[in-house]
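Descriptive analysis of the structure
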Amino acid sequence: MTFKAFYGMTFNPFDKSIQVEHIYESGDYKQFSSRMEYFKTAKGFALLYGEPGSGKTTSIRAFTAKLNPQLFKVVYLPLSSVTVMDFYRHLAVGLGLEPRFRKVDMFHQVQEYIANAHHQKNMTTFVIIDEAQFIQHAILNDLRLVFNFQMDSKNYAMVLLAGQSAFLHQLSLQINEPLRQRITINYGFKGLAKDEIGSYLTSLLKVAGVAEPLFTPDAVEAIAAFSNGLPRKVNNLAEKSLLVGYQRKVRAIDADIIQTVQEDADIAL
Ligand SMILES: Nc1ncnc2c1ncn2[C@@H]1O[C@H](COP(=O)(O)OP(=O)(O)O)[C@@H](O)[C@H]1O
Ligand SMILES: [Mg+2]
């Protein structure tokens, strides 16, 4: 028997592989989505920032899953310090192109793709650069040029830059002013509000087939305090406390269990 079977869960909703149709529509998610609806028409650049584990990538996944693939060509680029050449190669491959050898050729190749998609198929290219805090300045500078059309008068593509708040400092440098001026929307993830934690937990338990809340009100409060509202931390606490609850053969998770789990996590650090 596993903790999932013990609590009657069909799957573990606190796992990072959660399917987009199961996610909790948090305040952050709703704010982000409504800004992105506008961004779909305005295009250009969008900026999304927030602490690690605040739910940025999950929200992006949920938003892009709803886009009509006939109208949007989505390329997701998780950036771990790649070179400019690698960046162009990944972008070209992501668009389904055979990357050319020189940077300047890939530049034109990508621009041609975006313009053709727009003019011939009425399709918007949507490039997502995740973990943008790792972006090299040279790439940041090129981005504006690659996605610049008809002397700057038209936006044919959407570029979403998502990253940790540190990325804001990089963008605020004078040298990045031209790019900054092209940012159509921006949103900073705040994490779950205190009064969202309870419904976040019950909503995730519900999609996994559990109708009871499992977490007592004081456990919910403890989770809110220890997690700072970061979904990743909430999930860690929830999953580990369910394991402890299962070992103790108790149905309800109380603040004492959350405290125990949190102390173990502190020691592990
Ligand atoms: N709205 C949500 N509904 C359900 N789970 C979520 C939600 N947002 C985040 N999570 C969970 O928290 C984890 C961390 O979120 P993630 O989107 O990876 O954060 P970030 O990209 O900001 O570092 C995810 O793997 C997922 O399990
Ligand atoms: Mg992420």
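The shown structure was predicted, so the numbers you read here are calculated from the model rather than taken from an experiment.

**Observations regarding the pattern of salt bridges**
- Applying the stated criterion to the full structure yields seven salt bridges.
- For the salt bridge of Glu37 with Lys40, the shortest nitrogen-to-oxygen distance reads 3.1 Å. Here Glu37 pairs with Lys40, and both are found in helix H2 (residues 27–42), just three residues apart, close to one helical turn.
- Judged by relative accessible area, which is 42%, Glu37 ranks as partly exposed.
- Look at Lys40 and you get partly exposed, because its relative accessible area is 22%.
- As a salt-bridge pair, Arg89 and Asp86 come within 3.0 Å of each other at their nearest N and O atoms. Residue Arg89 and its partner Asp86 are both found in helix H4 (residues 84–94); the two are separated by three residues, about one turn of the helix.

**Looking at the site of ligand 1**
- Around ligand 1, the structure places 17 residues, and the nearest of them are Tyr24, Gly53, Lys56, Thr57 and Thr58.
- Residue Asn235 places a side-chain N or O atom 3.1 Å away from an oxygen atom belonging to ligand 1.
- Here ligand 1, which alone exposes 550 Å², has 92% of that area covered by the protein.
- Those elements giving two or more residues to the shell around ligand 1 turn out to be helix H3 (56–65), helix H9 (197–207) and helix H11 (231–248).

**So, unusual backbone geometry**
- Residue Lys43 is not a glycine yet carries a positive backbone phi of 60°.
- Inspection of the secondary structure puts Lys43 in the loop between H2 and strand S1 (44–49).
- Overall, the relative accessible area of 14% leaves Lys43 in the buried class.
- Positioned with a positive phi, Lys249 is a non-glycine residue whose angle comes to about 55°.
- The residue Lys249 is located in the loop between H11 and helix H12 (255–268) in this model.
- Since its relative accessible area comes to 52%, Lys249 is described here as exposed.

Rules of the game
Residues numbered from 1 in each chain as written. Chains lettered and ligands numbered in written order. Predicted model: local features only at pLDDT ≥ 70, side-chain atom pairs only at ≥ 80, totals over all residues. Heavy atoms only, no water. Salt bridge = Lys/Arg side-chain N within 4 Å of Asp/Glu carboxyl O. Helix = DSSP H or I, 4+ residues; strand = E, 2+ residues; numbered from the N terminus. Buried < 20%, exposed > 50% of the residue type's maximum accessible area, 1.4 Å probe, protein only. Near = heavy atom within 4 Å. Polar contact = N/O pair within 3.5 Å; in protein donor to acceptor, adjacent residues only side chain to side chain. Areas by Shrake-Rupley, 256 points an atom, 1.4 Å probe, with all protein chains shown as cover.

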